[in-house]
Amino acid sequence: MIKIFWSSLLRIFFLLLGRPMWLLLLLSVSLMSLVYSNGTITYLPVAIVDLDHTPASHSLIRSLNTSTKIETIIYESSLQAYDDINTRKLFAVITIPRNFEKHLLNGEEVTIPAYGDASSRLANGLIQLDLRGIYQQILTDINTKIMRNSGFSDKQIDIILSPIKSQTEPLYNAGISFAAITFPGLLVMLLQHSFLIAATRTNITLNSLPQGKPPKIVVFGSLCGLIPIWLFLSIVLFGLWPWVLGYRQLASIPEIIIMTFPLLIGVMGLSKLVTECLRRTEMIYLTLAFLTTPVFYLSGTIWPLDAMPLWVQFVSHLLPSTWATNMIAGVNQMGLSLMDNLLNIFMILLLGLIYSCLGIFICALREGRVRKFFKQFKHVRHLKNKHR
């Protein structure tokens, strides 16, 4: 039995080495993640229309220039700036009104019109955050000068303007960018999806051989032959590639392997259920291809799990990738240990066992073994009752 297992494993392993189509996964990840290679969004073009031309308006423009998110472009006319934002040359237009400095010095309310391109949600949100921070800083400086001229001490000014001092603890620090936050979920989803396709295809191919179904040990050995390839891919995806892009990466290679191995085992069990539901190779690409994006969104990377409806949370927790994303993000970004993720590992393996049992049951039901078992059970029970 052991010899048959190892021969099946090595045959599939060397077959994959001879036909390295799995390297397309690395190419796919590279193309998707290189758009985030700068780490964060910087130098978004924003038009500034200065209608005041005073030291206060110049000070506001200098403050806007200090932002790494914004690249200010001076316009003389608001109409020209609005034309450029309509043609997607700009992300926002800020107009400093006339008498801006005069209203500030008199303590009067000042409105600074700012129009943004809301079709780009991420860029528009970053610009709004920067503008809000800059406006708040300018107001704080002006109020400080007014209160100092009125005889307030610096300590009194600090207590009045900042009565509450906040202190934050970085319990979760995924990095400096949106990409670093979404990266673990994206990689786990791709790893799960590619391994599920490979395992399901292997199952269906072996079950449809002309000479009939091979022994179960041959099928199991063939599936295990896929694992070394995907363990190598996990080292590249979770270890090497984040380091190349400059994302935070705390897990060591042994920890990456220990985290990935249960995921592959769980997905292997899921592939058994998918195999019995599809049963044809072409159905793999007609069905599983449409599940990639939903699985990514259900992982909790883009939207918190607790904010989802309860039935959606239930479906999300039925996916091995949800638990794997939580585990890998926790170790890589939060610096947690593997002991802190025993529940995630247990749930991945439990889901793999449940899916595998469901697949075996469906196979037995289709082949009539379940009906035969109940007939034999009834027959044995009838004989026992007859002897009584």
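The coordinates are above.
Conventions adopted
- Residues numbered from 1 in each chain as written.
- Predicted model: local features only at pLDDT ≥ 70, side-chain atom pairs only at ≥ 80, totals over all residues.
- Heavy atoms only, no water.
- Helix = DSSP H or I, 4+ residues; strand = E, 2+ residues; numbered from the N terminus.
- Buried < 20%, exposed > 50% of the residue type's maximum accessible area, 1.4 Å probe, protein only.
- Contact = heavy atoms within 4.5 Å.
- Areas by Shrake-Rupley, 256 points an atom, 1.4 Å probe, with all protein chains shown as cover.
- Expected span 1.5 Å × (residues − 1).
- Bend = angle between axes of the 7 residues up to and from the residue.
- Pairing = 2+ DSSP bridges.
- Axes fitted to C-alpha atoms, helices over the stretch in contact; angles between N-to-C directions.
- Arc of directions from axis to C-beta.
- Phe/Tyr/Trp six-rings, centres within 6.5 Å; stacked < 30°, edge-to-face > 60°.
- Core = buried A, V, L, I, M, F, W, Y, C linked by side-chain atoms within 4.5 Å.
- Patch = residues over 30% accessible without salt bridge, like charges linked within 9 Å, V, L, I, M, F, W, Y side chains within 5 Å.
- Salt bridge = Lys/Arg side-chain N within 4 Å of Asp/Glu carboxyl O.

Colleague: Run through the overall build of the chain, naming residues and quoting values.
Modeller: A count of helical and extended segments in the chain gives 17 helices and four strands. Out of the 388 residues in the chain, the part that is buried amounts to 43%. Restricting to contacts in the chain with at least 6 residues of sequence separation, those with at least 24 account for 74%. Carbon and sulfur atoms make up 64% of the accessible area of the chain, which totals about 23000 Å².

Colleague: Run through helix 10 (residues 227–245), naming residues and quoting values.
Modeller: The terminal C-alpha atoms of helix 10, which comprises 19 residues, lie 26 Å apart, in line with the 27 Å expected from a rise of 1.5 Å per residue. Taking the largest bend as the criterion, helix 10 deviates by roughly 30 degrees, centred on Val236. Gly246 sits one or two residues past helix 10 and shows a positive phi near 85 degrees.

Colleague: Which residues make up the sheet that holds strand 4 (residues 114–116), and what values go with them?
Modeller: Taking strand neighbours across the sheet as the criterion, the four strands line up as 2-1-3-4 in an open arrangement whose pairing is mixed. Across the chains shown, the open sheet's two edge strands, defined by having one partner strand only, are strand 2 (70–75) and strand 4. If you compare each strand with its neighbour and ignore which way they point, the axes differ by 20 degrees on average. Two elements, strand 1 (residues 44–50) and strand 3 (residues 92–96), share five bridges in a ladder whose sense is parallel. Note that in strand 3 the partner of Val49 across the bridge is Thr95. Its contacts with the sheet put helix 4 (residues 78–86) on strand 1, strand 2, strand 3 and strand 4, and the angle it makes with strand 3 is roughly 165 degrees.

Colleague: Just give me the short version of helix 1 (residues 2–18), but keep the residues and values in it.
Modeller: Its 17 residues give helix 1 an end-to-end C-alpha distance of 24 Å, which sits within 8% of 24 Å, the value for a rise of 1.5 Å per residue. Taken as a whole, helix 1 has its buried residues at Phe5, Ser8, Leu9, Ile12 and Leu16. Down the axis of helix 1, the buried set is contained in an arc of 95 degrees. They therefore lie on one face. Exposed residues lying more than 90 degrees from the buried face of helix 1 are Lys3, Phe14 and Gly18. In this structure, the buried residues of helix 1 make contact with helix 9 (216–224) and helix 10.

Colleague: Could you give an account of the packing of aromatic side chains, naming the residues involved and the relevant values?
Modeller: Note on aromatic pairs: each is described by the distance of the centres and the angle between the planes. Here the structure, examined in full by the defined rule, presents five aromatic pairs. Summarising the aromatic geometry, the rings of Phe5 and Trp6 are spaced 5.6 Å apart at their centres and angled 80 degrees between planes, so their arrangement reads as edge-to-face. Given a relative accessible area of 15%, Phe5 falls into the buried group. Overall, the relative accessible area of 46% leaves Trp6 in the partly exposed class. Cluster of aromatic residues (ring-pair linked, three or more members): Phe5, Trp6 and Phe220.

Colleague: Tell me what's going on with the nonpolar core, and back it up with residues and numbers.
Modeller: Most often, soluble globular proteins have nonpolar side chains that are buried together. With 64 residues, the main nonpolar core has Leu191, Phe195, Leu226 and Trp230 as its most contacted residues. If one sorts the elements of this core by residue count, helix 8 (residues 178–207) sits on top with 14 residues. Those residues in contact with Phe195 that lie beyond four places of it in its chain are Leu226, Ile227, Trp230, Leu264, Val267 and Met268. Counting residues in each nonpolar core, the second largest holds 20 residues, with Ala56, Ala92, Ile96 and Leu131 among its members.

Colleague: How would you summarise a nonpolar patch on the surface if you had to cite specific residues and measurements?
Modeller: A surface patch of nonpolar side chains, amounting to about 690 Å² of accessible area, comprises Met1, Ile2, Trp6, Leu10, Phe14 and Leu17. Mapped onto the elements of the fold, Leu10 is located in helix 1. Owing to a relative accessible area of 38%, Leu10 belongs among the partly exposed residues under this scheme.

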